Amino acid sequence: MADVRKPIQKRSIEKKQKILTAGFDLFCEKGYYKTNTIEIAKRAEVSTGAVYSYFKDKKEIYIEAFESYLDSLSDCLLKELGKISPFDLSYFVDDWIAAYLKIYASSGRALAQLRMMIIDDEDVNHHFSASENTYFSKIIEILEKNGITHNEIREKIFACCVLIDTLRQENSIFSHNELDFNAFREQISYGIVGNSVCRTWESCTLAFPCAVNRVIHDSIACYAHFHDACFLAVALLNYRAAKADKAINGWKSSLILPVDCSAGFAIHLLR
């Protein structure tokens, strides 16, 4: 097979983009294994030979298509977060949640498809784990620029991302009738930042069981939010179980996630 070429002229760039768009749409519709390059070529209105002139195989199309899609979403999110001024941690977290829910609102099918491939394919797993770590680093850069630092900040950002994405899934995919979404959102925000009294990371770093107990206890005090507290507790416990395997839904990360503690994963992750 001839070496793939990098498009330079506008027409070639547009043709390659058509292939990526067609591939992405088909992967989301049918899944990776039920999609072939002949179908991609047909959807893109190019020859199969044209497909292989830009990509060595179907997996390469998959990786580049999903990378482009995720980069476009994360770039929008990071742009929104970078605008926050003056910086206040509570407002930052609220804006992070709001922007994430808005920008990723229609991404459920694509993310679900990608998650399956991350579990099934080692190349895809490694590639997007690295991309995820880059995303963490950019969030950390924003926080550190505004004086939020900690030795375990990467682990805490990872935990925050898990919680916020759980909120996205409930908002756009699931429909738990007994779950008050707004109350659940408040629980997530509280779980990350806590109340405004605490101003340092160390002062609110609790052991994981204490974090779960505190969230449930506070919500039971207001019985109307009991279901929401239980849902959040399940999310936290799923995170805890995944840490034992150093993975979340098959996502093997370079993060160091100790089993005997929660890397400061507490009621106030960012305080």
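Now for a description of the structure that goes with this document. As the structure is a prediction and not an experimental result, all values here were calculated from the model. (Residues numbered from 1 in each chain as written. Predicted model: local features only at pLDDT ≥ 70, side-chain atom pairs only at ≥ 80, totals over all residues. Heavy atoms only, no water.)

Comments concerning the overall build of the protein
No. 1: Tallying secondary structure elements over the protein gives eleven helices and two strands in all.
No. 2: N-terminal to C-terminal, the α/β element order of the protein is α-α-α-α-α-α-α-α-α-α-α-β-β.
No. 3: At a minimum sequence separation of 6, the contacts of the protein that also span at least 24 residues come to 73%.
No. 4: By element, 53% of the accessible surface of the protein is carried by carbon and sulfur atoms, the whole surface being about 14,100 Å². (Helix = DSSP H or I, 4+ residues; strand = E, 2+ residues; numbered from the N terminus. Contact = heavy atoms within 4.5 Å. Areas by Shrake-Rupley, 256 points an atom, 1.4 Å probe, with all protein chains shown as cover.)

Observations concerning the nonpolar core
No. 1: Ile 19, Phe 66, Leu 77, Phe 92, Trp 96 and Ile 157 are the most contacted members of the largest nonpolar core, which has 66 residues in total.
No. 2: The dominant element in this core, judged by the number of residues it contributes, is helix α4 (residues 58-82), at eleven residues. (Core = buried A, V, L, I, M, F, W, Y, C linked by side-chain atoms within 4.5 Å. Buried < 20%, exposed > 50% of the residue type's maximum accessible area, 1.4 Å probe, protein only.)

Side note on the packing of aromatic side chains
No. 1: Summed over all chains, the structure comprises twelve aromatic pairs.
No. 2: When the ring of Tyr 62 is compared with that of Phe 66, the centres are 4.3 Å apart and the planes differ by 25 degrees; the resulting orientation is stacked. Here Tyr 62 and its partner Phe 66 are both found in helix α4, four residues apart, which amounts to about one turn of the helix.
No. 3: These aromatic residues form a ring-pair network of at least three members: Phe 24, Phe 27, Tyr 32, Tyr 33, Tyr 62, Phe 66 and Tyr 69.
No. 4: Sitting over the face of the ring of Tyr 32, Lys 58 holds its NZ or CZ atom 4.2 Å from the ring centroid. (Phe/Tyr/Trp six-rings, centres within 6.5 Å; stacked < 30°, edge-to-face > 60°. Lys NZ or Arg CZ within 6 Å of the ring centre and 35° of its normal.)

Thoughts on the packing of helix α6 (residues 108-120) against helix α7 (residues 122-145)
No. 1: At a minimum axis distance of 6 Å, the contact between α6 and α7 shows a crossing angle of 115 degrees. When the axes of α6 and α7 are compared, the crossing they make is left-handed. Together, Leu 114, Met 117, Ile 118 and Asp 120 of α6 and Glu 122, Val 124, Asn 125 and Phe 128 of α7 make up the contact between the two elements.
No. 2: Of the residues belonging to the contact of α6 with α7, the class tally is five nonpolar, one polar and two charged. (Axes fitted to C-alpha atoms, helices over the stretch in contact; angles between N-to-C directions. Left-handed = near helix turned anticlockwise from the far one by under 90°. Nonpolar A, V, L, I, M, F, W, Y, C, P; charged D, E, K, R; others polar.)

A look at the pattern of salt bridges
No. 1: As enumerated under the stated definition, the model contains eight salt bridges in all.
No. 2: Here Lys 59 makes a salt bridge to Asp 121, at a shortest N to O gap of 3.0 Å. Taken as a pair, Lys 59 in helix α4 and Asp 121 in the loop between α6 and α7 lie far apart in primary sequence, 62 residues in all.
No. 3: Taking relative accessible area as the criterion, Asp 121 reaches 13% and is therefore assigned buried.
No. 4: For Asp 165, the salt bridge identified is with Arg 168, shortest N-O distance 2.6 Å. Residue Asp 165 and its partner Arg 168 are located together in helix α8 (residues 153-172), separated by three residues, close to a single helical turn.
No. 5: Connected through salt bridges with shared partners, the residues Lys 59, Asp 121 and Asp 123 form a single ionic network. (Salt bridge = Lys/Arg side-chain N within 4 Å of Asp/Glu carboxyl O.)

Some thoughts on helix α9 (residues 181-192)
No. 1: Under the 1.5 Å per step criterion, the end-to-end length of α9 is 17 Å for twelve residues, consistent within 8% with the ideal 16 Å.
No. 2: Capping the start of α9 is the job of one residue whose side-chain oxygen sits 3.1 Å from the backbone nitrogen of Asn 182: Asp 180. (Expected span 1.5 Å × (residues − 1). Polar contact = N/O pair within 3.5 Å; in protein donor to acceptor, adjacent residues only side chain to side chain.)

Section: the packing of α4 against α7
No. 1: At their nearest, the axes of α4 and α7 sit 11 Å apart, and the two run at 10 degrees to each other. Taken together, the axis directions place α4 and α7 in an arrangement best described as roughly parallel. Seen from α4, the contacting residues are Lys 59, Tyr 62, Ile 63, Phe 66, Glu 67, Leu 70, Ser 74, Leu 77, Leu 78, Leu 81 and Gly 82; seen from α7, they are Asp 123, Val 124, His 127, Phe 128, Ser 131, Tyr 135, Lys 138, Ile 139 and Ile 142.
No. 2: Among the residues forming the contact of α4 with α7, the class breakdown is twelve nonpolar, four polar and four charged. (Parallel < 35°, antiparallel > 145°, perpendicular 65-115°, else oblique.)

Considering unusual backbone geometry
No. 1: A cis amide bond links Ser 85 to the next residue, Pro 86, at an omega of -5 degrees.
No. 2: Within the fold, Pro 86 resides in the loop between α4 and α5 (89-103).
No. 3: Non-glycine residue Glu 45 carries a positive phi angle of around 60 degrees.
No. 4: One can find Glu 45 in the loop between α2 (37-44) and α3 (48-54).
No. 5: Among the residues examined, Glu 45 registers a relative accessible area of 67% and is labelled exposed.

Section: α6
No. 1: Between its first and last C-alpha atoms α6 spans 19 Å; for 13 residues at 1.5 Å apiece the expected length is 18 Å, and the two agree.
No. 2: Among the residues of α6, Gly 108, Ala 110, Leu 111, Gln 113, Leu 114, Met 117 and Ile 118 are the ones counted as buried.

Side note on the environment of Ala 110
No. 1: Here Ala 110 lies in helix α6.
No. 2: Taking the C-alpha atoms as reference, Ala 110 lies 8.2 Å from Phe 27; in sequence the two are 83 residues apart.
No. 3: Discounting chain neighbours no more than four positions away, the residues touching Ala 110 are Phe 24, Cys 28, Phe 66 and Tyr 69.

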